[in-house]
Amino acid sequence: MSNEPADTAAHSLWGGRFEGVLAPEMGPLNLSLDVDRRLWREDVRASRAWVHALVGAGVLERDEAERLDGGLRRVAERLEGGAPFADAPDEDIHSLIERLLFQEVGELAGKLHTGRSRNDQVATDLRLWGMGAGRDLERDITGLCRSLLALARASVDVLLPGYTHLQQGQPIRGAQWALAHLWAFERDRTRLDRATHAAGVLPLGSGAIAGCPFPVDREALARSLGFRRPSENSVDAVSDRDWALDLAYACALVGVHLSRLGEDLVLFASTEFGFLRLADAYSTGSSLMPQKRNPDVAELARAQAGRLAGNLVALLTLLKALPSGYNRDLQEDKRSLFDSVDALRTAVPAVAGALATSAFRPERCRQAMDTELLATDLAERLVRRGVPFRRSHELVGRLVRRAEDAGVPLAELPVDTFLEVAPELGHDVLEVFDWERSVESRSAPGGTARASVQEQLAEAEGRLG
Ligand code: ARG
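Residues numbered from 1 in each chain as written. Predicted model: local features only at pLDDT ≥ 70, side-chain atom pairs only at ≥ 80, totals over all residues. Heavy atoms only, no water.

## With respect to the site of the ligand
Contacts to the ligand come from Ser-32, Asp-92, Arg-118, Asn-119, Val-122, Tyr-326, Arg-328, Gln-331 and Lys-334. Take Asp-92: an N or O atom from its side chain is 3.3 Å from a nitrogen atom of the ligand. About the coverage of the ligand: the protein hides 85% of its 340 Å² of free accessible area. Along the lines of polarity and charge, the residues of the shell around the ligand split into 2 nonpolar, 3 polar and 4 charged. (Near = heavy atom within 4 Å. Polar contact = N/O pair within 3.5 Å; in protein donor to acceptor, adjacent residues only side chain to side chain. Areas by Shrake-Rupley, 256 points an atom, 1.4 Å probe, with all protein chains shown as cover. Nonpolar A, V, L, I, M, F, W, Y, C, P; charged D, E, K, R; others polar.)

Pasting the structure below:
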């Protein structure tokens, strides 16, 4: 491969049967170190556990294992400092670490790869990384949920229009709006937890495809690395990335939820709505228009969904129609998965911070509320007085029409008009036009009444732990 001294040249893991060097234009395609370098901790950790397993299998003597373990620890210290990555000529993180191990312990390093292949090695490293990433994301999203919980607590008394089709529907509490977003992210926590669980199956000990010929205790190996159990089948294990899809999907859905929250925040922070104020620390100005105060955090949160959905589709497509066993295509799995996790680890804490420092503007919410928001309440009044709902709906529809024709808000129609259209409404019909009364009537569990909102707050608090 190369006639440079072995400790400075790229450390080839497969040179024996080849003549000459790799074509220069093949280099950049073949290399993955720029992407998989972030797996170095997992690679060292799995290698140290493998050393231990090889002792148990009778492949390594104890003193050899100790020297290898010491060497791997020194390699880790060097990698921690970052120096070995500068101009590293290696194909991937596995080759880099093996080269460094040769520098530390000499020819003994060549025993580490016994019974192991980069196929089961990279699958193991990535799962180890995925378990950590899943837990990190869960923590970030818990933080976001806490911000939403705090905002909900602070806005139980804030009333705003609840929208369907982005048209005013019925009044709701600010807390009900904040909790709606909280529950979506709470489901994401569960999904991330399941993805982390799915990652917890150990491929190491599968070799390249057919399994390991040495009697390694894979159960013990799995436990020592924090996996739940070893994989069932070596052919499956080296190419199974289902757990990565679970994680990418969980991330994509967080992206969708962020985009919906972001969209609400953009609208609510606008001059026209003005329902909510984002802190200066999360807003930015315009280089041209001096008055601007832009809700960038919400826009950038909204924007992550495309990237995250793209990564999920890239992974699904990567795996489609791969022949069984390991294929080099799989090297491209990391780019997508890392990017999804990076996107969220950047966006979620920022959104959590923005929410924690934002506040509703109750008077602006009030000003925006049209009394037509209480049209359903009028219909319900008729229902309580024995009028079938369909008929009530029709009668109130007529009242809305009358108000529109007269160019007045629904609540300002003369009482006589209400009675003329629907005598069952009674002379005290105007008592319906009371926001608090309306939200308090939605008292079935899950509704926007104070008691229901308090119940949700307690439930959310409990789940966030
Ligand atoms: N860099 C490769 C990957 O990320 C490691 C495994 C390569 N195996 C092989 N036989 N070429 O998937």
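Once you've had a look at it, read on.
## Some words on the nonpolar core
Among the nonpolar cores identified, the biggest contains 110 residues, and Leu-79, Trp-177, Phe-185, Leu-247, Leu-258 and Leu-337 are the most heavily contacted of them. Broken down by element, this core gets its largest block of residues, 15 residues, from helix α10 (residues 242–268). Core analysis: the next-biggest nonpolar cluster, separate from the first, contains 25 residues, Leu-395, Leu-410, Leu-413 and Ala-422 among them. (Core = buried A, V, L, I, M, F, W, Y, C linked by side-chain atoms within 4.5 Å. Buried < 20%, exposed > 50% of the residue type's maximum accessible area, 1.4 Å probe, protein only. Helix = DSSP H or I, 4+ residues; strand = E, 2+ residues; numbered from the N terminus.)

## A few points about the packing of aromatic side chains
Tallying each qualifying case throughout the model produces 8 aromatic pairs. For the pair Trp-177 and Phe-268, a centre-to-centre distance of 5.2 Å together with 40 degrees between the ring planes defines the contact as tilted. Pair noted here: Trp-177 is in helix α7 (residues 174–199) and Phe-268 is in helix α10, with a separation of 91 residues, a long-range link. Among the residues examined, Trp-177 registers a relative accessible area of 7% and is labelled buried. Overall, the relative accessible area of 4% leaves Phe-268 in the buried class. Joined through ring pairs, the aromatic side chains of Tyr-163, Trp-177, Phe-268, Phe-273, Phe-275 and Phe-360 make up one cluster. A cation over an aromatic ring shows up here: Arg-37 above the ring of Phe-85, its NZ or CZ 4.1 Å from the ring centre. In this structure, Arg-38 packs its charged tip against the face of Phe-338, placed 4.5 Å from the ring centre. (Phe/Tyr/Trp six-rings, centres within 6.5 Å; stacked < 30°, edge-to-face > 60°. Lys NZ or Arg CZ within 6 Å of the ring centre and 35° of its normal.)

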